[in-house]
Amino acid sequence: MHRACERRARSTSQAGGAKQGPAIGFCDTGLLLFAAFLFFTPDWIGHRSLPGCALAGLKKPFSVCSSSARLLSSDKNKTGWDAPMSLFESDKSAERLPVSLITGFLGSGKTTLLNRLLRHGAMRDSAVIINEYGEVSLDHLLVERVDGEVAVLASGCICCTIRSDLEETLRAFLVKRDRGEVPPFRRVLVETTGLADPAPIVQLLLNNPMVSHFLRLDTVVTTVDAANAIHQLDHQYEAVKQVALADRLLITKCDLVSNIAVLEQRLRQINPGARVERVTHGEIDPERLFGAALIDPEKKAIDVARWLNEQSFAGSREPAHEHHDHTHHSHDTGITSFVVSFDEPLDWMTVSQWLAYLRGARGEDLLRVKGILNLCGEQTPVVIHGVHHVFHPPVALSEWPDADRRSRIVFITRGIARQDVLALWQAGRAAA
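These lines cover the structure that appears in this document, whether it is placed above or below. (Residues numbered from 1 in each chain as written. Predicted model: local features only at pLDDT ≥ 70, side-chain atom pairs only at ≥ 80, totals over all residues. Heavy atoms only, no water.)

Counting its regular elements, the protein chain contains 15 helices and 18 strands. Taken across its 432 residues, the protein chain has 50% of its residues classed as buried. A total of about 20100 Å² of accessible surface is found on the protein chain, and carbon and sulfur atoms cover 52% of it. (Helix = DSSP H or I, 4+ residues; strand = E, 2+ residues; numbered from the N terminus. Buried < 20%, exposed > 50% of the residue type's maximum accessible area, 1.4 Å probe, protein only. Areas by Shrake-Rupley, 256 points an atom, 1.4 Å probe, with all protein chains shown as cover.)

Here we come to the packing of helix α14 (residues 348-362) against helix α15 (residues 418-431). Where α14 meets α15, the closest approach of the two axes is 10 Å, and the angle between their N-to-C directions is 135°. Of the possible angle classes, the one that applies to α14 and α15 is oblique. In the packing of α14 onto α15, the handedness of the crossing is right-handed. Contacts between α14 and α15 involve Thr 350, Val 351, Trp 354, Tyr 357 and Leu 358 from the first element and Val 421, Leu 424, Trp 425 and Arg 429 from the second. Among the residues making up the contact of α14 with α15, the classes are represented as seven nonpolar, one polar and one charged. (Axes fitted to C-alpha atoms, helices over the stretch in contact; angles between N-to-C directions. Parallel < 35°, antiparallel > 145°, perpendicular 65-115°, else oblique. Left-handed = near helix turned anticlockwise from the far one by under 90°. Contact = heavy atoms within 4.5 Å. Nonpolar A, V, L, I, M, F, W, Y, C, P; charged D, E, K, R; others polar.)

Let us now look at the environment of Arg 186. Along the chain, Arg 186 falls in the loop between α6 (166-179) and β7 (187-191). In this structure, the C-alpha to C-alpha distance between Arg 186 and Met 123, residues 63 residues apart in sequence, is 9.0 Å. Here Arg 186 is in contact with Leu 97, Pro 98, Asp 125 and Glu 298, once residues within four sequence places are set aside.

Next up on the list: empty space enclosed by the protein. Following the criterion strictly, the structure yields four cavities of 30 Å³ or more and no others. If you add up the space inside the largest cavity, you get close to 360 Å³. Surrounding the largest cavity, 24 residues form its lining, Asp 91, Ser 93, Leu 217, His 385 and His 392 being those nearest its centre. At the level of elements, α7 (199-207), β8 (215-225) and β15 (382-387) are the ones that each hand at least two residues to the lining of the largest cavity. When residues of the lining of the largest cavity are assigned to their parent elements, the largest contribution, four residues, is made by β8. A breakdown of the residues in the lining of the largest cavity according to their chemical character gives 13 nonpolar, four polar and seven charged. Estimated volume of the second largest cavity: approximately 70 Å³. (1 Å grid on protein atoms, 1.4 Å probe; cavity = no way out; pocket = protein on both sides within 12 Å on 5 of 7 lines; lining within 4 Å. Points joined across faces, edges and corners; volume = space filled by probe spheres on them.)

Geometric values such as these leave the question of function open.
So, in structure tokens, the structure goes:
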């Protein structure tokens, strides 16, 4: 088969003329598609034989075709072109509108926060999507209703309630903006209901081509009720998940609690990488709240240190660590977070199969994964970002932001320990 591939590649090159660089052969294209299949194939196709819950499923070694991996990672550089060819699309997030998600448990102050934000001059060119009019209504800001779902607020923002699914609402917003039916906007804010799981919305923004081609995930903001959060974290997994997926954690109603430090410590144990802020009546500078993405479009700068915040994960707990003296099992006792780093450049085929096995065996327990990779044959870093089994297609950044060339991946999981993730990695490398 290899000889046949070589003959096809040789005949293609000869037909193209001596002055052209060698074309990508059938073998290279097939291997590229195979690598993409491994990374993005639905779990029920690619991993139907894997166990659904036991950690033993993570320890089964996976085979890696090392020769194929070398073709994907290094042979592409042996072309006649001046610039090496990359397997990955360049990151275009700076060209897309930022979408920030405001979530939090019932009564935690989401709408109060939204009211305050919309009064800031810097937020006047925002589109706002809410699931329902909450305890603190936005009606007093209303100046014009465009149709049954969309309204223009006094600040110049537009607001709409979700009466269909979010994807249709977002696309309709963009169409109305392009037609001039609503004022122009530069960002979108989405407020969820108190019991909503934020994961599906994040997944929509990460890997739905009808949305992610125009919009990008900027910041997940979670409001936390200081008076009731401890009880909610003990008894409601939705509250725990809202904290675990957040980039910003805003503690509200601080005036009702004398000791906030206990809650702050608990929040940092669940999600060490999120910035924790105390707010009064929803008042906070928008510049401190938004802009959590890897790339800052305004400054045109890549901020890996801020995005990963890997220093905050030092000494993170392992699963099943109990809080306080509770005799019951709290919903966040299985949440763990950690960073896995590699000094040497990695082989993409090995990485993609490793992540595919993790997603297939324990996708529901991968709450959030984000990282920057130094891959063999790639001149610039490659970014990965996922929630559960859904990952954004990996993209290549334009340059390394600093001298640190390590691959670093942040994991926030439920019941998956760091040593199990590393054991699977070592098993894959041994099989290569």
